[in-house]
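Per-entry structural report
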Amino acid sequence: MGSMVYMVICIFETIYKLKKVRIGYEELKRNYKDVLSDLEISEAFQDDRLFDEANKSARRGLTGWSIAWGVLLLLCVLIIELYTTNRGLLVWLWNKMF
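Residue numbering note: each chain is counted from 1, following its sequence as written. Per-residue local features of the predicted model are confined to residues with pLDDT of at least 70, and side-chain atom pairs are confined, for both listing and counting, to 80 or more; whole-chain, interface and lining totals are unaffected and use all residues. By convention in this description, side-chain values take in all heavy atoms of the structure and omit both hydrogens and water.

1. Some remarks on the overall build of the protein
- Each helix and strand counted, the protein has four helices and zero strands in total.
- Secondary structure elements follow DSSP: runs of H or I no shorter than four residues count as helices, runs of E no shorter than two count as strands, and numbering proceeds from the N terminus. When the helices and strands of the protein are placed in sequence order, the string is α-α-α-α.
- Residue burial is assigned from relative accessible area. The probe radius is 1.4 Å, only protein chains are included, and a residue is buried under 20% of its type maximum, exposed over 50%, and partly exposed in between. Put simply, the protein has 98 residues, and 13% of those count as buried.
- Counting only contacts in the protein whose residues sit at least 6 apart along the sequence, the fraction spanning at least 24 positions is 56%.
- Surface accessibility in these figures is a Shrake-Rupley result with a 1.4 Å probe; residues are shielded only by whichever protein chains are displayed. Of the roughly 8300 Å² of accessible surface on the protein, a fraction of 67% belongs to carbon and sulfur atoms. Whether two residues touch is decided by their heavy atoms; if any such pair falls within 4.5 Å, the residues are in contact.

Okay, here's the thing in structure tokens:
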């Protein structure tokens, strides 16, 4: 259970950091508004293509690692259940959820 809580906290922290990076990126672009035209800013930042690709990659990684973590956690629970004589963990979880 603690592992799932930690995973959820890590997911929220990563999403928060991605938002902070987006805000910083937008602030950086705004700092150039007084010096460069919108066309020059768009050209310099390559229409945000590099940032968008990095953001998509980070989100895909977050999704992939979250799925892997969940599957491994479930696999660990199932292995423990299969190799112990007292198979009470799944019954306990079932009773708690329903």
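2. Examining helix H1 (residues 2-31)
- The end-to-end C-alpha separation of H1 is 43 Å, in line with the 44 Å expected for 30 residues at 1.5 Å each.
- Turning to H1, its buried residues number three or more, namely Met7, Leu18, Tyr25 and Lys29.
- Against the buried residues of H1 lie helix H2 (38-44) and helix H3 (49-83). Every helix has an expected span of 1.5 Å times one less than the residues it contains.

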